[in-house]
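Each chain is listed here by its residues.
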Amino acid sequence: MALAAAKFEPDDTLLDAYSTTVADAVDRIGPAVCRIERVGQGGHGSGFVIAPDGLVVTNFHVVGDARTVRVSMPDGASREGRVLGRDPDTDIALVRADGSFADVAPLADSKRLRRGQIAIAIGNPLGFEWTVTSGVVSALGRSMRASTGRLIDDVIQTDAALNPGNSGGPLVSSAGEVIGVNTAMIHGAQGIAFAVASNTANFVISEIIRFGRVRRAFIGVSADTASLPRRAALLSQVSTSTAVRLRSVEKDGPAAKAGLKEGDIIAAIDGRPVTGVDDLVRMLDAERIGRETLCTVVRRTGVSQVTVTPVARAS
């Protein structure tokens, strides 16, 4: 009997370690997760506090066109929140809640994520407040269509169970950092849900704080993060192993006019490596509107320099 007990001890230890990891991450982030309700409009979602002065991140589709929302915390405190700005293209909104907050949820660097990492979702699904589910990061660099019809790039796919009401809540790593903002699940599918990557959310938050909206340069492409072969990296004179592959190029857009085509790999912009879609999003900021931008492009025929002039993206 002693031998049989010893045989199962490693599995018990592993389960305890996993449970402890998830519980510790929830203890760290959970107090910063809130319930968000549109005052007088019905419906609710989730959000999380990112700064002691009451900055709260949530989804655009949670706040809609509301100017104010009700922000409720796990300790029972309820405060009014003013919507500072919203970005339908990434389904991110920023709210300023009244008062000060001791517990905040730090945003991680989503570029460092790997498939298979633990992913923990915290939120208020179907009215069951402050619910925790866990799974793994199933895939990275996905694209999904926002309510505006535009594609949200660099989306995290997870199998952590999400339901209506989870929207806007954090997707958390085992280190107790926010790696994404839960945004959608596929109705009728099991184990497929999505979150906007924390780096994309961070970019949107910064733009809203500075300008009240997100200003973007537009070149007319959708893209995926892809591996960059070593030979291509050497020819491109970049030291990275990933880049951006163009999945589609809009007809008559700036990229098409410059000669970029579906399947092209952009390894650098103005000499700066583009390691993924989040880099491309950040680099195409308002400062590049109307400014010639040099793209280092990898093709089967070799490496070439293509000059693109971004235009202002229509709001």
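See the structure above.
In this text, all values refer to a predicted model and were calculated from it rather than measured experimentally. (Residues numbered from 1 in each chain as written. Predicted model: local features only at pLDDT ≥ 70, side-chain atom pairs only at ≥ 80, totals over all residues. Heavy atoms only, no water.)

Peer 1: I'd love a proper account of the overall build of the protein chain, names of residues and values included.
Peer 2: Helix and strand content of the protein chain: six helices and 20 strands. For a compact globule of 315 residues, the expected C-alpha radius of gyration is about 20 Å, and the protein chain comes in at 21 Å, within 12% of that figure. For the protein chain, with 315 residues in total, the buried portion stands at 47%. Considering only intrachain contacts with a sequence separation of at least 6, the fraction spanning at least 24 residues in the protein chain is 59%. Of the roughly 15,200 Å² that the protein chain leaves accessible, carbon and sulfur atoms contribute 49%. Taking the 35 positively charged and 34 negatively charged side chains of the protein chain as two groups, their mean positions are separated by 8 Å. (Helix = DSSP H or I, 4+ residues; strand = E, 2+ residues; numbered from the N terminus. Rg over C-alpha atoms; globule rule 2.2 N^0.38 Å. Buried < 20%, exposed > 50% of the residue type's maximum accessible area, 1.4 Å probe, protein only. Contact = heavy atoms within 4.5 Å. Areas by Shrake-Rupley, 256 points an atom, 1.4 Å probe, with all protein chains shown as cover. Lys, Arg positive; Asp, Glu negative; His and termini not counted. Charge placed at Lys NZ, Arg CZ, Asp CG, Glu CD.)

Peer 1: Lay out the packing of aromatic side chains with the relevant residues and their values.
Peer 2: With the rule as written, the count across this model stands at zero aromatic pairs. Sitting over the ring of Phe101, Arg79 keeps its end group 4.4 Å from the ring centre. Sitting over the face of the ring of Phe211, Arg215 holds its NZ or CZ atom 3.8 Å from the ring centroid. (Phe/Tyr/Trp six-rings, centres within 6.5 Å; stacked < 30°, edge-to-face > 60°. Lys NZ or Arg CZ within 6 Å of the ring centre and 35° of its normal.)

Peer 1: Hey, could you go over the nonpolar core for me, with residue numbers and the actual values?
Peer 2: Of all hydrophobic cores here, the largest spans 47 residues; its most connected members are Val69 and Ile120. Discounting residues that sit within four places of it in the chain, Val69 has contacts with Ile36, Glu37, Arg38, Val39, Val63, Arg79, Glu80, Gly81, Val83 and Val95. (Core = buried A, V, L, I, M, F, W, Y, C linked by side-chain atoms within 4.5 Å.)

Peer 1: Can you explain the environment of Asp224? Please cite residues and give values.
Peer 2: Position of Asp224 among the secondary structure elements: in strand E14 (residues 221-227). A distance of 3.0 Å separates polar atoms of two side chains, one belonging to Asp224 and the other to Arg247. (Polar contact = N/O pair within 3.5 Å; in protein donor to acceptor, adjacent residues only side chain to side chain.)

Peer 1: Please give an account of the pattern of salt bridges that cites residues and values.
Peer 2: Where charged atoms of side chains with opposite charge meet at close range, the side chains can pair. Under the definition given, this model contains eleven salt bridges. In this structure, Glu37 and Arg35 form a salt bridge, with 3.5 Å as the shortest nitrogen-oxygen distance. Note on Arg35: relative accessible area 14%, which makes it buried. The salt bridge partner of Arg96 is Asp53, with a shortest N-O separation of 2.6 Å. (Salt bridge = Lys/Arg side-chain N within 4 Å of Asp/Glu carboxyl O.)

Peer 1: Any details on the sheet that holds strand E5 (residues 78-87)? Residues and values, ideally.
Peer 2: One closed barrel holds the six strands; their spatial order is E1-E2-E3-E6-E5-E4, and the pairing between them is antiparallel. With direction set aside, neighbouring strand axes in the sheet form an average angle of 40°. Most of the contacts of helix H3 (residues 198-211) go to strand E6 (residues 92-97), to which it runs at about 55°, and overall it touches strand E3 (55-58), E5 and E6. (Pairing = 2+ DSSP bridges. Axes fitted to C-alpha atoms, helices over the stretch in contact; angles between N-to-C directions.)

Peer 1: For the pairing of strand E12 (residues 193-197), give the residues involved together with the corresponding values.
Peer 2: With five of five residues buried, E12 lies mostly within the body of the structure. Looking at chain direction, strand E9 (residues 151-158) and E12 are connected through four bridges and run antiparallel. Each residue of the ladder has a partner; that of Val155, found in E12, is Val196. Inspection of the sheet shows strand E11 (residues 178-185) paired to E12 by five bridges, in the antiparallel sense. Counterpart to Gly180 in the pairing with E12 is Ala197.

Peer 1: Let's hear about the environment of Pro229: which residues, and what values?
Peer 2: Along the polypeptide, Pro229 turns up in the loop between E14 and helix H4 (230-236). On the accessibility criterion, Pro229 (48% relative accessible area) is partly exposed. Expressed as a C-alpha distance, the spacing of Pro229 and Val298, which sit 69 residues apart in the sequence, is 9.9 Å.

Peer 1: I'd love a proper account of the side chain of Thr293, names of residues and values included.
Peer 2: Of note, Thr293 is situated in strand E18 (residues 293-299). A polar contact is formed between the side chain of Thr293 and the backbone oxygen of Arg291, at a distance of 3.1 Å. Among residues more than four places away in sequence, those in contact with Thr293 are Ile269, Asp270, Arg288, Val306, Thr307, Val308 and Pro310.

Peer 1: Run through the side chain of Ser72, naming residues and quoting values.
Peer 2: Mapped onto the fold, Ser72 is located in strand E4 (residues 68-72). Once you skip the residues sitting within four places of it in the chain, Ser72 turns out to touch Cys34, Arg35, Glu37, Ala77, Ser78 and Trp130.

Peer 1: Can you explain unusual backbone geometry? Please cite residues and give values.
Peer 2: Residue Asp91 is not a glycine yet carries a positive backbone phi of 60°. You can see Asp91 is positioned in the loop between E5 and E6. You can call Asp91 buried: its relative accessible area is 9%. A positive phi angle, near 70°, is found at Asp252, a position not held by glycine. Mapped onto the elements, Asp252 comes out in the loop between strand E15 (242-249) and helix H5 (254-258). The exposed category is assigned to Asp252, whose relative accessible area is 57%.

Peer 1: I'd love a proper account of H3, names of residues and values included.
Peer 2: Taking 1.5 Å as the rise per residue, H3 with 14 residues should run 20 Å; its terminal C-alpha atoms sit 20 Å apart, in good agreement. Among the residues making up H3, those that are buried are Ser198, Asn199, Thr200, Ala201, Phe203, Val204, Ile205, Glu207 and Ile208. Once H3 ends, the next one or two residues include Gly212, with phi positive near 80°. (Expected span 1.5 Å × (residues − 1).)

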